[in-house]
Amino acid sequence: RVAFLGKKSPITLALKTLGSLDPDARKTQGAALNALSQQVQAALVTRKTELEDQDLIHRLASESMDLSLPVGGAPTGRLHPITQTKEALATIFRGMGFQVLEGPEVETDFNNFTALNIGPTHPARQSHDTFYLNATDEQGLPLLLRTHMTTVEVRTLLANKEPFRMIAMGRCYRSDFDATHAPMFHQIEGLVVGPNITMANMRWCLQTFLSQFFGIENLPIRMRPSYFPFTEPSAEVDVLCTRTKESLVLGEGTQWLEILGCGMLHPNVLANCGLDPATTQAFAFGCGIDRLAMLKYGIGDLRGFFEGDQRWLTHYGFEGVAL
Ligand code: DAH
């Protein structure tokens, strides 16, 4: 461009000599030089476009990928055993007419403790190893990370006075860490509310759930008297098993394995949530989802669940939801 149109190019130099020509010659010479200059400019534009096109063609060729190539191998992502277990639990309880609900992980002291008959000085508070936040609620009490899923029962009872069945599954937090405890863990909580709910309903429901979950018809269970502040009477449910150093077989043998806590909702809890204990009964149960997954899939150490180790996930993960 500089060589043909620049200050020292033949065209520019020739244009400078026009002044010394006589008018007629200047006119023809000028027109000829202008035409030449325009021709050169047009040629330059054409060439520039050509070069840009070539560049684009080159880039398209070098940056393209062959979409017709096979992707190769099966997908490598896996469902975490917790996800798989939650799906299985949701399916079982939906089949029995339960709603599947959720609630927040940051809770009030009332929802986590006081409404559940665990008053400010109740000794059960100590066993919960609670993580408190700096932020406070409307009562000026510190907010906390829920220590159990029973909080969702309180929320549901406060919002709903009709008979209902629900489960809630989610993360809970306690300051505890070893082979069987993690500071973040998962629980399922269940609640059935109605005018004539009894412990017999509870036993049938839990036996049906455990049989379906472990895939063992009529899985033998036993209910042992226990204590929870929010239920009266309270029980723990064990399933029949044979346990050796190397293995655990459910549904046969002479030993019992503790699985979950349950009971009839305490009248104080119903009253705290604005229901009349004289006309409304409810049963509730709570259980660790991580533990259910460990038992069902033969996973020995809880810590692997939360480490995100690719080898662990590949080994214990699921390719799709298996019900
Ligand atoms: N919330 C109890 C816990 O985290 C579990 C539990 C026990 C829930 C008995 C219940 C119940 O609903 O009835 O240890």
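We now turn to the structure provided with this report. (Residues numbered from 1 in each chain as written. Predicted model: local features only at pLDDT ≥ 70, side-chain atom pairs only at ≥ 80, totals over all residues. Heavy atoms only, no water.)

Okay, the packing of helix H4 (residues 81–95) against helix H7 (residues 199–214) next. Interaxial distance between H4 and H7 falls to 10 Å at its minimum, and their mutual angle equals 135°. In terms of their interaxial angle, H4 and H7 are classed as oblique. Between H4 and H7 the crossing geometry is right-handed. Listed contacts from H7 to Thr85, Ala88, Leu89, Ile92 and Phe93 of H4 are Cys205, Phe209, Gln212 and Phe213. Broken down by class, the residue content of the contact of H4 with H7 amounts to seven nonpolar, two polar and no charged. (Axes fitted to C-alpha atoms, helices over the stretch in contact; angles between N-to-C directions. Helix = DSSP H or I, 4+ residues; strand = E, 2+ residues; numbered from the N terminus. Parallel < 35°, antiparallel > 145°, perpendicular 65-115°, else oblique. Left-handed = near helix turned anticlockwise from the far one by under 90°. Contact = heavy atoms within 4.5 Å. Nonpolar A, V, L, I, M, F, W, Y, C, P; charged D, E, K, R; others polar.)

It is worth spelling out the site of the ligand at this point. For the ligand, the set of nearby residues contains 15 residues, the closest of which are His148, Thr150, Arg174, Gln187 and Glu189. At a separation of 2.9 Å, a nitrogen atom of the ligand approaches a polar side-chain atom of His148. At 3.2 Å from an oxygen atom of the ligand is found a main-chain nitrogen or oxygen belonging to Ala284. Elements supplying a minimum of two residues to the shell around the ligand: helix H6 (150–159), strand E6 (184–194), strand E10 (255–265) and strand E11 (281–288). Classifying every residue of the shell around the ligand by side-chain character gives five nonpolar, seven polar and three charged. (Near = heavy atom within 4 Å. Polar contact = N/O pair within 3.5 Å; in protein donor to acceptor, adjacent residues only side chain to side chain.)

As a further point, take the sheet that holds strand E2 (residues 106–107). Here we have three strands laid out as an open sheet, ordered E2-E4-E3, and antiparallel in their pairing. The open sheet has two edge strands, E2 and strand E3 (132–136), and neither has a second partner. Where E3 lies against strand E4 (residues 142–145), two bridges are found, and the strand directions are antiparallel. Paired with Tyr132 across the bridge in E4 is Leu144. (Pairing = 2+ DSSP bridges.)

The biggest cluster of nonpolar side chains holds 45 residues, and the ones touching the most others in it are Phe93, Phe209, Leu210, Phe214, Ile259 and Leu260. Within the residue set of this core, elements represented by two or more residues are H4, strand E5 (164–173), E6, H7, strand E8 (231–243), E10, E11 and helix H9 (289–297). With seven residues, the single largest contributor to this core is H7. Beyond its immediate stretch of four places on either side in the chain, Phe209 contacts Leu89, Ile92, Phe93, Met96, Leu260 and Leu292. (Core = buried A, V, L, I, M, F, W, Y, C linked by side-chain atoms within 4.5 Å. Buried < 20%, exposed > 50% of the residue type's maximum accessible area, 1.4 Å probe, protein only.)

Moving on, we get to the packing of aromatic side chains. Tallied over the full model, the rule gives 11 aromatic pairs. Measuring from centroid to centroid gives 4.9 Å for Phe213 and Phe214, while their planes differ by 80°, and the two rings are edge-to-face. Take Phe214: its relative accessible area is 12%, and that puts it in the buried class. For the pair Trp312 and Tyr316, a centre-to-centre distance of 5.0 Å together with 50° between the ring planes defines the contact as tilted. On the criterion of helical spacing, the pair formed by Trp312 and Tyr316 is a turn pair, its members being four residues apart in helix H10 (residues 310–316). Taken together through their ring pairs, the aromatic side chains of Phe93, Phe98, Phe209, Phe213, Phe214 and Phe285 make up a single cluster. (Phe/Tyr/Trp six-rings, centres within 6.5 Å; stacked < 30°, edge-to-face > 60°.)

Right, let's get into the environment of Ile11. Its location among the elements puts Ile11 in helix H2 (residues 10–16). The exposure class assigned to Ile11 is buried, which follows from its relative accessible area of 8%. It is 6.7 Å that separates the C-alpha atoms of Ile11 and Leu33, two residues lying 22 residues apart in sequence.

So far we have only geometry, and geometry alone does not tell us how the molecule works.
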